[in-house]
Amino acid sequence: MITAKFGGTSLCDAQQFRAVQRIIESDARRRFIVVSAPGKRSEDDVKITDLLIACYNAAREGGDVAAAFRPVRARFEEIIAQLSLSLDLSQEFTATVWAMESGVGSAFCLSRGEYFSARIMAALLGRPFVDPVHFVFFNGQGAFDPEIAEHSLGERLRELDCAVLPGFYGAMPDGTVHTFARGGSDISGAIVARASGSEIYENWTDVPGVLAADPRIVPNPRLVDVMTYDEVRELSYLGANVLHPDAILPAKRAGIPIHIRNTMDPDSPGTWIVEKTDRPGSLITSVAGRRGYSSIQVEKDTANAEVGYCRKILSCLEKHGISFEHLATGIGSTAVIVPTQEVRASAEALKRSIESTVHPDSLEITDGLAMITVVGREMVGKAKAAVRLFDAISGAGIPVRLIDQGTRELNIVVGVDEQYFSAGMNAVYQAFFGEEA
């Protein structure tokens, strides 16, 4: 049995709905289907979710909600008409506008893209529609509750031979709609796969699978045919935009293989994500990276003798709602790497907080940092991965600002100035995957 999730690009118009229908019906094992809201039809188009954000903003600012919703309704009605379905959603469209005008929350507004997409797909396939608002639950703090969701959703799905579900949302304890983070349809798909007892979770998208580098930075990177849950979680967290990192845990806990596949080329092999594999791979699996980091450099000569010194610095970040990515320490210096967008609005207040808490000799926040990361199960315990990485960085004439390695040795992170990011990514990729590697 297979649970298959289809992303927004896979469902951007009626033609793509038909393509997805052919994929689903080509294998009777594809019984539970999870869908996203329709994505862009072209580069200058607008995603349904972004149109719904505009609807919410119109409602919040006292604008014309009906006018803001009109493009959303037109898009869905066009898909229904081109599919020649007898489905009439006019009353639900009207009710949605009324709910928005009545001040319903942003989560409800954003969730309607997935909701209407699933209604259409259910009608096209002739399958039951299951609304996750009745089965996928978050606690009072807005955190997803996997045990309750697995139990309630599992009971419902066991009653059905097949079904179509919207991704991206569930409900709070009071029944109001609550959404996962953007990209959360991946998480919904994994939840359905686990709750239904599926043997495989297929994630259909607009890329051939997991690539060994970002194709927007490195031309024509190779496809990774198989990798582990841990590797793909590292890559997703560190910038690879294929699968939401939180989507991996439900599948991993249930031992369900994830198969990343391309809707535009359904015959391509894709990427398998599994618990472990005996298939030998390259020294590293992939190169990932991301711009947009800042370094908080705290200097204090007596820091090494001060118990709780790093904890105090991190407590200041917590006070201002700032997460940290990396922490590097020396005998008298501490560098905390944080996302620039998180620190920018409160930089001065954060500096004052750190100064009053640990009384440093100097404190500086520097922007313009990028991270380049190599990830791979084959490099655990092997020195040559680090040697090849730093030879590549050095050979490209790029100064290193930071070095960090995860305790499980699945990744090595190198911090560089943003101006060297693209050159560094390409140099590292060539070192591990080029013809001479």
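Rules of the game
- Residues numbered from 1 in each chain as written.
- Predicted model: local features only at pLDDT ≥ 70, side-chain atom pairs only at ≥ 80, totals over all residues.
- Heavy atoms only, no water.
- Helix = DSSP H or I, 4+ residues; strand = E, 2+ residues; numbered from the N terminus.
- Expected span 1.5 Å × (residues − 1).
- Buried < 20%, exposed > 50% of the residue type's maximum accessible area, 1.4 Å probe, protein only.
- Contact = heavy atoms within 4.5 Å.
- Salt bridge = Lys/Arg side-chain N within 4 Å of Asp/Glu carboxyl O.
- Pairing = 2+ DSSP bridges.
- Axes fitted to C-alpha atoms, helices over the stretch in contact; angles between N-to-C directions.
- Core = buried A, V, L, I, M, F, W, Y, C linked by side-chain atoms within 4.5 Å.
- Phe/Tyr/Trp six-rings, centres within 6.5 Å; stacked < 30°, edge-to-face > 60°.
- Lys NZ or Arg CZ within 6 Å of the ring centre and 35° of its normal.

## Considerations on helix 7 (residues 185-196)
Relative to the 16 Å expected for twelve residues at 1.5 Å per residue, helix 7 spans 16 Å between its end C-alpha atoms, a close match to the ideal helical length. Buried residues dominate helix 7, accounting for eleven of its twelve residues. Among the residues making up helix 7, those that are buried are S185, D186, I187, S188, G189, A190, I191, V192, A193, A195 and S196. G197 lies just past helix 7 and shows a positive phi near 75°.

## Some thoughts on the environment of S185
Looking at the secondary structure, you find S185 in helix 7. Sequence separation between S185 and E418 is 233 residues, and the spatial gap between their C-alpha atoms is 31 Å. If near-sequence neighbours (up to four positions away) are discounted, S185 is found in contact with K5, V34, V35, S36, E114, G167, F168 and Y201.

## Brief notes about the environment of W272
Along the chain, the position of W272 falls in strand 9 (residues 271-274). Beyond its immediate stretch of four places on either side in the chain, W272 contacts I200, D225, V226, M227, P257, I258 and H259.

## Focus: the pattern of salt bridges
Taken as a whole and assessed by the stated rule, the structure comprises 19 salt bridges. In this structure, R75 engages D45 in a salt bridge whose closest nitrogen and oxygen atoms are separated by 3.8 Å. One end of the pair, R75, is in helix 3 (residues 65-82); the other, D45, is in the loop between strand 2 (30-35) and helix 2 (48-60), with 30 residues separating them in the sequence. Residues R75 and D45 agree in their burial class; the two are buried. Measuring nitrogen to oxygen at the nearest pair gives 2.9 Å for the salt bridge that ties E77 to R73. You can see E77 and its partner R73 sitting in helix 3, four residues apart, about one turn around the helix. R73 gets classed as partly exposed once you look at its relative accessible area, which sits at 27%.

## Quick notes on the sheet that holds strand 6 (residues 200-205)
The pairing of strands in a sheet comes from backbone hydrogen bonds and takes either a parallel or an antiparallel form. Reading across the sheet, the seven strands line up as 3-2-1-6-8-9-7 and stay open at both edges, with mixed pairing between neighbours. With one partner strand each, in any of the chains shown, strand 3 (163-166) and strand 7 (226-228) form the two edges of the open sheet. Averaged over all adjacent pairs, the angle separating strand axes in this sheet is 20°, with direction ignored. With four bridges joining them, strand 2 and strand 3 adopt parallel strand pairing. Its bridge partner lying in strand 3, V35 is registered against P166. Each of strand 7, strand 8 (258-262) and strand 9 touches helix 8 (residues 229-237); the most contacted strand, strand 7, lies at about 85° to it.

## Regarding the nonpolar core
Core analysis: the biggest nonpolar cluster contains 62 residues, and L153, I258, V374 and V428 have the highest contact counts within it. The contact partners of I258, leaving out residues within four places of it in the chain, are Y201, Y229, L243, I248, A251, T271, W272 and I273. Counting 49 residues, the second-largest nonpolar core is a separate cluster that includes A14, V35, A58 and Y169.

## Focus: the packing of aromatic side chains
Scanning the entire structure with this criterion turns up ten aromatic pairs. Both rings, one in Y429 and one in F433, keep their centres 5.0 Å apart while their planes meet at 35°; by these two values the pair is tilted. Placement of both Y429 and F433 in helix 14 (residues 421-433) is noted, with a separation of four residues, approximately one turn of the helix. On the accessibility criterion, F433 (8% relative accessible area) is buried. The structure contains a cluster of three or more aromatic residues connected by ring pairs, namely F69, F76, F93, Y115, F116 and F129. The side chain of R112 reaches across the aromatic face of Y169, ending 5.5 Å from its centre. A cation sits over an aromatic face here: R119 above F129, 5.7 Å from the ring centre.

These values are about where atoms sit, not about what they do.
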